[in-house]
Amino acid sequence: MPRIIALFAILTTLLAGCSSLRFPGVYRIDIPQGNVVTEDMLSGLRPGMPPEQVRFVLGPPTLTDPFTPNTWYYLLQYQPGNGEMVEQQIVVHFDQGHYSHYDGQVTSDLRERTSGHQDQELLRRAEDRRQEAAN
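Residues numbered from 1 in each chain as written. Predicted model: local features only at pLDDT ≥ 70, side-chain atom pairs only at ≥ 80, totals over all residues. Heavy atoms only, no water.

(A) Here's a closer look at the pairing of strand 5 (residues 98-103). Two strands pair when backbone bridges link them, and strand 4 (residues 86-95) and strand 5 are joined in this way by five bridges, in the antiparallel orientation. By the bridge assignment for strand 5, Phe-94 is matched with Tyr-99. Between strand 4 and strand 5, which follow one another and run antiparallel, lie two residues, and Gln-96 among them has a positive phi close to 55 degrees. (Pairing = 2+ DSSP bridges. Helix = DSSP H or I, 4+ residues; strand = E, 2+ residues; numbered from the N terminus.)

(B) Representation of the packing of aromatic side chains. If you walk through the whole model with that rule in mind, you get one aromatic pair. Ring plane angle 65 degrees and centroid distance 4.7 Å describe the contact between Trp-72 and Phe-94, whose orientation is recorded as edge-to-face. Of this pair, Trp-72 sits in strand 3 (residues 71-79) while Phe-94 sits in strand 4, and the two are 22 residues apart along the sequence. Residue classification places Trp-72 among the buried residues on the basis of a relative accessible area of 8%. Residue Phe-94 is classed as buried on the basis of its relative accessible area, which comes to 8%. (Phe/Tyr/Trp six-rings, centres within 6.5 Å; stacked < 30°, edge-to-face > 60°. Buried < 20%, exposed > 50% of the residue type's maximum accessible area, 1.4 Å probe, protein only.)

(C) Representation of the nonpolar core. Counting residues in hydrophobic clusters, the biggest one holds 14 residues, and the most contacted among them are Val-54, Leu-58, Tyr-74 and Val-92. At the level of secondary structure, the elements contributing two or more residues to this core comprise helix 2 (39-43), helix 3 (51-58), strand 3 and strand 4. Considering each element in turn, this core owes the most residues, three residues, to strand 4. Excluding residues that lie within four positions of it along the chain, Leu-58 makes contacts with Val-37, Met-41, Leu-42, Leu-45, Tyr-74 and Val-92. (Core = buried A, V, L, I, M, F, W, Y, C linked by side-chain atoms within 4.5 Å. Contact = heavy atoms within 4.5 Å.)

(D) Spatial organisation of the side chain of Thr-71. Looking at the element boundaries, Thr-71 is found in strand 3. Judged by its relative accessible area of 12%, Thr-71 falls in the buried class. Once residues within four sequence positions are removed from consideration, Thr-71 is found in contact with Thr-64, Asp-65, Val-91, Val-92 and His-93.

(E) Looking closely at the pattern of salt bridges. By the definition in use, this model includes two salt bridges. Of the charged contacts in the structure, one is a salt bridge between Arg-124 and Asp-128, with a shortest N-O distance of 2.8 Å. Of this pair, Arg-124 and Asp-128 are both found in helix 5 (residues 117-134), four residues apart, which corresponds to roughly one turn of the helix. Judged by relative accessible area, which is 43%, Arg-124 ranks as partly exposed. Between Arg-130 and Glu-127 there is a salt bridge, and its shortest N-O distance comes to 2.8 Å. (Salt bridge = Lys/Arg side-chain N within 4 Å of Asp/Glu carboxyl O.)

Below, the structure written as structure tokens:
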């Protein structure tokens, strides 16, 4: 009986370790979570805007804390299947029910970091074909 338990424990440990391996040729999906906020969206914010207009410009917030209702959180966590995780946090502040300012920075190369290598290669090929057709 102890051998069966030990064998089961070793087998479980080995199988759990396989989840962190990245086998070549295995497709891994992209996992986007949260709100994408760009510089263009943030440039549309003006001090004194009501919350409805801020929601129209940025979309609904990812998180609104009931203990700090004058603060909205726009969080982004993007895990490409074959790449590094991208994180972004924008915090929008309201003063007396109107937009006052935001904290945080937009990830400048968000599109490049979230686009897969194959997608970038296809875009490069398409651009090359457009240039050849123009000549």
